[in-house]
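Notes for the structure review
Residues per chain are reported as follows:
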Amino acid sequence: MPEGPELHLASLYVNEACRGLVFAGCVEKSPVSRNPEVPFESSAYHISSLARGKELRLTLSPLPGAQPPQEPLALVFRFGMSGSFQLAPRDALPAHAHLRFYTAPPGPPLALCFVDIRRFGHWDLGGEWQPGRGPCVLLEYEQFRENVLRNLADKVFDQPICEALLDQRFFNGIGNYLRAEILYRLRIPPFEKARKVLEELQQRRPSPELTLSQKIRAKLQNPDLLELCHSVPKEVVQLGGKGYGPEHGEEDFAAFRAWLQCYGVPGMSSLRDRRGRTIWFQGDPGPLAPKGGKSRKKKAKGAQQEPEHRLEDPLVPSTAPSRTRGTRRGPPGQSTAQQSEGTSLQQDPEVPPVPGKGKRRRRPATSGGPC
C-alpha cells in the first residue's frame, strides 16, 4: 500500500499538475464508490495539496467573484492499497476514477481523478487529519522523535519492533517496505522487543565537546532507528518517479527496485508477523519471532518460487496506472477480521477485508456527466 513517501510524491504531483489550472462545476463521484458525496460547486476554483504521514489533504479554493459564494473545502484522503491521483483528458478518463474534478474552459477539458482500482481508499470531508495519528516522520521529525521517546511505557512497545513500527500513532508514514529497509540497515532483528531497542536511544547524547559540524557528521555516519525513520523515506522521495506500481513499464520501476536493500530482495528471509504482514530481514529474526514460524528466503529471479512467494512478491510490477509508489499485492492469508486502513491506527494493515469469492464487481462509470 502507499506509504509516507508515496503520499508525499502524490501531493507534489497534484500541486505541479494543477498549478495554473482553474477548475469549475461540481465534484463528481462514481456511483459505485461508498465514500461520501462532495457537496461543492463553484464557477472557478483552484486545487492544492498537502501530505502528512499516510494522509493527503486536497483543498478546493474558490477564486474571487466565483459563484456561488462559499468557503474553501478540504478533503483528507487515505489511499488504501491502490489509491492515486491522475490528471487526464475529460473524454478519456482512467478506469476506476472514483472522484473527479473538472477544469473550466477555455483550456483543454481535463479532470483531476482519484483513481482506486481496489476501492479501499477513503476520503473525509472537513480537512481534519485522522485523530490519533502521530507526527509525520517526513515533515515533523523532531515532534515525531519526542512523541516516541516520551511514550515508551505504551503497551505497543511490548511488541516486536517490526510490529511497533506499523503503529501510526507513533510512526505515521512507516509501512511494510520501509520497516524492512530501516531494520536491515541497523541490523536490528525484526522480532526484538521494541522497548529494548528504543530505550537505548533515550541515553544517547552527543558529547558537549563536539562542534555542531561534528555532531551532524556523527549523526550521518551512525544514525539511530528514529533518524532512519526520517531519512529513509526522504531517500524514496528523492528517487522521484511514479512509483513501484509502474504505469509505463519496467524502466519506471527500476530505480526503486535498485534502491531496495532488503524488502523482497533475493537472499533475504521472511516471516509473517502476528497480523499476517510479511517482514523481510537477514539473519536472526529475534526472540519474539512467532513460534512455529518458518523463515523462507527470497529466491533469485528465474528460480521456481513457492505459491506463497508468487502471490506476495512485492516486486512484481503492476500493470495498473499509478501516480504513487503504491500498488502491490498483500498477504494472501490476511484474516478477514482485520480492519481496513483508517479504522485502526495500531494495525494499519496492508490488506483490508477481501470480498467473498464469486461476487463480480460492476465496472465504475468513467465518463463525466452532469452535476
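Residues numbered from 1 in each chain as written. Predicted model: local features only at pLDDT ≥ 70, side-chain atom pairs only at ≥ 80, totals over all residues. Heavy atoms only, no water.

Details of the sheet that holds strand E3 (residues 41–52)
The condition is simple: By this definition, two strands are paired if DSSP reports at least two bridges between them. Segments assigned H or I by DSSP are reported as helices when at least four residues long, segments assigned E as strands when at least two residues long, and all are numbered from the N terminus. Note on method: axes are straight lines fitted to C-alpha atoms, helices fitted across the in-contact stretch only, with angles between N-to-C directions ranging 0 to 180 degrees. Contacts are assigned to residue pairs with any non-hydrogen atoms lying within 4.5 Å of each other.
Read across the sheet, five strands follow the order E1-E3-E4-E5-E9 without closing on themselves; strand pairing throughout is antiparallel. Taken across any chain shown, the strands that pair with only one partner, and hence form the sheet edges, are strand E1 (23–26) and strand E9 (122–125). Strand-to-strand twist of the sheet, defined as the mean angle between neighbouring strand axes without regard to direction, takes the value 35 degrees. Sheet analysis places E3 next to strand E4 (residues 55–62), joined by eight bridges and oriented antiparallel. Bridging from a neighbouring strand, Leu50 pairs with Arg57 of E4. Against the sheet, helix H1 (residues 4–18) makes contact with E1, E3 and E4, and its axis sits at roughly 150 degrees relative to E3, the strand it touches most.

A short note on the sheet that holds strand E2 (residues 28–29)
On the basis of which strands lie adjacent, the open sheet formed by four strands has the order E2-E7-E8-E6 and antiparallel pairing. The sheet is open, and its two edges are formed by E2 and strand E6 (83–89), each paired on a single side. Here E6 pairs with strand E8 (residues 110–116) via seven bridges, running antiparallel. Within E8, the residue paired with Ser84 across the bridge is Val115.

Focus: the nonpolar core
Stated formally: Residues grouped as a nonpolar core are buried Ala, Val, Leu, Ile, Met, Phe, Trp, Tyr and Cys residues, joined through side-chain atoms within 4.5 Å. Buried means the residue's accessible area, taken with a 1.4 Å probe over protein chains only, is under 20% of the maximum for its type, while exposed means over 50%, and partly exposed covers the values in between.
Ranked by internal contacts, the top residues of the largest apolar core, which has 45 residues, are Val148, Phe157, Ile161, Phe171, Leu198, Leu225 and Leu226. Only helix H2 (141–150), helix H3 (161–164), helix H4 (176–186), helix H5 (194–202), helix H7 (225–239), helix H8 (250–259) and strand E11 (278–281) provide two or more residues apiece to this core. Setting aside chain neighbours within four positions, we find Leu226 in contact with Tyr141, Phe144, Arg145, Val148, Leu149, Phe171, Leu198 and Leu201. Leu7, Tyr13, Tyr45 and Phe79 belong to the second largest nonpolar core, which has 26 residues in total.

Let's talk about H1
Heads up, the condition is: Here the expected span of a helix is defined as 1.5 Å times the quantity of residues minus one.
The first and last C-alpha atoms of H1 sit 21 Å apart over 15 residues, in line with the 21 Å expected at 1.5 Å per residue. Most of H1 sits out of view: 12 of its 15 residues are buried. Burial in H1 covers these residues: Gly4, Pro5, Glu6, Leu7, His8, Leu9, Ala10, Ser11, Tyr13, Val14, Ala17 and Cys18. Positive phi appears at Gly20, one or two residues downstream of H1, with a value of about 85 degrees.

Details of the packing of H1 against H7
Let me state the cut-off plainly: Any angle that is under 35 degrees is reported as roughly parallel, and any over 145 degrees as roughly antiparallel; angles of 65 to 115 degrees are reported as roughly perpendicular and all others as oblique. Left-handed describes a crossing whose near helix is turned anticlockwise from the far helix through less than a right angle; right-handed describes the clockwise counterpart. For this classification, the nonpolar set comprises Ala, Val, Leu, Ile, Met, Phe, Trp, Tyr, Cys and Pro, the charged set comprises Asp, Glu, Lys and Arg, and every other residue, Gly included, is treated as polar.
The geometry of H1 relative to H7 is characterised by a closest axis approach of 9 Å and an angle of 40 degrees between their N-to-C directions. As the angle between them shows, H1 and H7 are arranged oblique. Relative to H7, the crossing made by H1 is right-handed. Facing H1, whose interface residues are Pro5, Glu6, His8 and Leu9, H7 presents Pro233, Val236 and Val237. Classifying every residue of the contact of H1 with H7 by side-chain character gives five nonpolar, one polar and one charged.

With respect to the confidence of the model for the protein chain
Condition: For every residue, the pLDDT score states the predictor's confidence, bounded by 0 at the bottom and 100 at the top.
When the pLDDT values of the protein chain are averaged, the result is 81; 72% of them are 70 or greater. Low pLDDT, under 50, characterises residues 303–343; the stretch is placed with 135 contacts to residues that sit more than four places away or in other chains. Within the model, pLDDT remains below 50 along residues 349–370, and this stretch shows 61 contacts once partners closer than five positions in the same chain are excluded.

Thoughts on the pattern of salt bridges
Rules: Salt bridge, as used here, is a side-chain nitrogen of Lys or Arg placed within 4 Å of a carboxyl oxygen of Asp or Glu.
Within this structure, the stated rule accounts for 17 salt bridges. The residue Glu55 makes a salt bridge to Arg133 at a minimum N-O spacing of 3.8 Å. Placement of Glu55 in strand E4 and of Arg133 in the loop between E9 and H2 is noted, with a sequence separation of 78 residues between them. Note that Arg179 is salt-bridged to Asp273, the shortest N-O span being 3.1 Å.

Side note on the packing of aromatic side chains
Using the following cut-off: Under the pairing criterion, centres of Phe, Tyr and Trp rings, with the six-membered ring standing for Trp, must be within 6.5 Å; the plane angle then separates stacked pairs below 30 degrees from edge-to-face pairs above 60, leaving the rest tilted.
For the structure on display, the rule yields 17 aromatic pairs. Geometrically, the ring pair formed by Phe114 and Trp123 is edge-to-face, given 6.0 Å between the ring centres and 90 degrees between the ring planes. Using a relative accessible area of 1% as the deciding quantity, one classes Phe114 as buried. A residue is classified by how much of its surface remains accessible, and Trp123, at 0% relative accessible area, is buried. Feature note: the residues Phe77, Phe79, Phe85, Phe114 and Trp123 constitute an aromatic cluster, connected by ring pairs.

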